[in-house]
Amino acid sequence: MGALYRKFLKPLFFKLDPEQAHEVAVKGLETLGAIPGAARALAAITHLSEEAEPVELFGLAFPNRVGLAAGFDKNAVCWQALAGLGFGHVEVGTVTFRPQPGNPQPRLFRFPEHEAVLNRMGFNNEGAQAVADRLAKAPGPGKRLIPLGVNIGKSKVAPLDEAVADYLGSFQLLADHADYVAINVSSPNTPDLRKLQEESRLRELLDELCRCNARREEVRLGSSKPILLKIAPDLSHEQLDDILGILIDLKLDGIIATNTTMAREGPFADLTEAGGISGAPIREMSTAMVARIAKLTEGKLPIIGVGGISDPDTAAEKLDAGASLVQLYSGMIYEGPFMARGIAKALSRKMSDL
Ligand SMILES: Cc1cc2nc3c(=O)[nH]c(=O)nc-3n(C[C@H](O)[C@H](O)[C@H](O)COP(=O)(O)O)c2cc1C
């Protein structure tokens, strides 16, 4: 399947502007997912059935360890087809409380010689209400082929001091439809967003979200949902220590490491284009982050490892470093949408050989 993608689809996609190619891919998957029974039928072929290595985490059943990272399906339009293609979970979003167009184009760039991507999309999305309405019409938690994460971020128009209310607004609209909620404070493309990784701001934000989550359960508005924090790979050791302290104090369910990097190293040292780099160049730094988190938390905080995964070995590297699940995005641009299936199969074989 991967060879078919590389031979036929990839040359076509790579002739298009990267964002256009992305839109064509999303539209195609959306159309596929809208055919009644298509995702389930595809899943019957691709879902590894007897070869699968299911994982139980945060009280959720993941059919395999390989998920799709946030940013591909920003408006939750094609996750059902992606489930059929073999992803063990999909994280939709980032969704913001207010609908917003994102940054001016061009804002997505490929670097094939380095298997890298640079983006400064800026959370282009239809907003929390529109995404909640769409998810309300789709199969809900417990009725899906795979767990669905909903990743939320700050609206560009919300000043930093109003960030908590902005996230809470999105959380209240979307939590019912999510199997887990990811809190994104690590995108480099929304001014000041990464300041929410600072200790006092982060503690306030997560504390309010955890309280809101608990209250929903108390007043039977809905059940509480696992909450995960998504972090940048560019944090210093001290910043990471502070963040882990907060997550442990507040008993957060897990951490997603990592988002894209702002660093400009090696072949990118002279690159002046703004945005976050992903793909192969961030593999080592995000694996190092996973390993450090696992060590500092003595393996007690579930980790989703993401950054530069393109094959079974790079996925296994994250698991060996301490991740329980992995996610990928940029690798799919180069290897195609069936890669999750191949990686999940290889990983379950590797696990059973141990
Ligand atoms: C085009 C593009 C858009 C992205 N958008 C988001 C986003 O909206 N929210 C988010 O949390 N991460 C976003 N990411 C980051 C990915 O989820 C992932 O953390 C990062 O790309 C590292 O994984 P990779 O090397 O497998 O791509 C985006 C990445 C890319 C390439």
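For the structure itself, consult the block above.
Residues numbered from 1 in each chain as written. Predicted model: local features only at pLDDT ≥ 70, side-chain atom pairs only at ≥ 80, totals over all residues.

## Observations concerning the environment of Leu 229
Selection rule: Each helix is a run of H or I in the DSSP string that is no shorter than four residues. Each strand is a run of E no shorter than two, and both are numbered from the N terminus. Our exposure labels follow a C-beta count within 10 Å of each residue's own C-beta, placed from the backbone: buried means 20 or more other C-beta atoms, exposed means 12 or fewer, and partly exposed covers the counts in between. With C-beta atoms placed from the backbone, a contact is any residue pair whose C-beta atoms sit within 7 Å.
Positionally, Leu 229 belongs in strand 9 (residues 227-231). Classification of Leu 229 as buried rests on a count of 27 C-beta atoms within 10 Å. Taking C-alpha positions, Leu 229 is 36 Å from Leu 4, a pair spaced 225 residues apart along the chain. Once residues within four sequence positions are removed from consideration, Leu 229 is found in contact with Ile 183, Val 185, Leu 206, Leu 247, Leu 252 and Ile 255.

## A short note on the sheet that holds strand 6 (residues 116-119)
Remark on secondary structure: sheet strands pair via backbone hydrogen bonds, oriented parallel or antiparallel. Rules: Here, any two strands with at least 2 DSSP bridges between them count as paired. Axes here refer to lines fitted to C-alpha atoms; in helices the fit is confined to the stretch in contact. Angles between the N-to-C directions go from 0 to 180 degrees.
A sheet is described by the order of its strands in space; here 3 strands give the open sequence 5-6-11, paired in antiparallel fashion. With partners counted over all chains shown, the strands left at the sheet margins are strand 5 (108-111) and strand 11 (276-279), one partner each. This sheet shows a mean twist of 25 degrees between the axes of neighbouring strands, independent of strand direction. With 4 bridges joining them, strand 6 and strand 11 adopt antiparallel strand pairing. Bridge pairing links Ala 116 to Gly 279 in strand 11.

## A look at the nonpolar core
Heads up, the rule is: A set of buried residues drawn from Ala, Val, Leu, Ile, Met, Phe, Trp, Tyr and Cys, joined through C-beta atoms within 7 Å, is what defines a nonpolar core.
Membership of the largest hydrophobic core comes to 91 residues, with the highest contact counts inside it found for Leu 82, Leu 174, Val 181, Ile 183 and Ile 255. Element by element, the count of residues in this core is highest for helix 6 (residues 163-174), at 6 residues.

## Topic: the site of the ligand
The criterion, for reference: For each residue, a C-beta atom is placed from the backbone, and the residue counts as near a molecule or strand when that atom lies within 6 Å of it. Ten residue types, Ala, Val, Leu, Ile, Met, Phe, Trp, Tyr, Cys and Pro, are classed as nonpolar, four, Asp, Glu, Lys and Arg, as charged, and the remainder, Gly among them, as polar.
As a structural note, the neighbourhood of the ligand is formed by 28 residues, with Ala 69, Gly 71, Thr 94, Ser 278 and Ser 330 the closest of them. Partitioning the shell around the ligand into residue classes produces 11 nonpolar, 15 polar and 2 charged.

## Re the packing of helix 6 against helix 7 (residues 199-218)
To be explicit about the condition: To sort the angles, those under 35 degrees are grouped as roughly parallel, those over 145 as roughly antiparallel, those from 65 to 115 as roughly perpendicular, and the leftovers as oblique. By the definition used in this description, the sense in which the near helix is turned from the far one sets the handedness, with an anticlockwise turn below a right angle giving left-handed and a clockwise turn giving right-handed.
Direction vectors running N to C along helix 6 and helix 7 enclose 30 degrees, while the axes themselves pass 10 Å from each other. In terms of orientation, helix 6 and helix 7 fall into the roughly parallel class. Note on packing geometry: the crossing formed by helix 6 with helix 7 is right-handed. Residues Ala 163, Val 164, Tyr 167, Leu 168, Phe 171 and Gln 172 of helix 6 touch helix 7, and the partners they reach there are Glu 204, Leu 205, Glu 208, Leu 209 and Cys 212.

## Some remarks on the sheet that holds strand 3 (residues 66-68)
Taken together, 8 strands build a closed barrel; the order of strands is 3-4-7-8-9-10-12-13 and the barrel is parallel. Direction aside, the axes of adjacent strands within the sheet are offset by 25 degrees on average. Pairing geometry for strand 7 (residues 148-153) and strand 8 (residues 180-184), over 4 bridges, is parallel. Its bridge partner being in strand 8, Ile 152 is matched across the sheet by Ile 183. This element, helix 6, spans strand 4 (89-96), strand 7 and strand 8 of the sheet and lies at about 160 degrees to strand 7.

## Let's talk about unusual backbone geometry
A cis geometry characterises the amide bond from Gly 93 onward to Thr 94, with omega recorded as 10 degrees. Inspection of the secondary structure assignment puts Thr 94 in strand 4. A cis geometry characterises the amide bond from Ala 257 onward to Thr 258, with omega recorded as 15 degrees. The topology assignment puts Thr 258 in the loop between strand 10 (254-257) and strand 11. Phi is positive for Ala 76, close to 60 degrees, though the residue is something other than glycine. For Ala 76, the location among the structural elements is in the loop between strand 3 and helix 4 (79-84).

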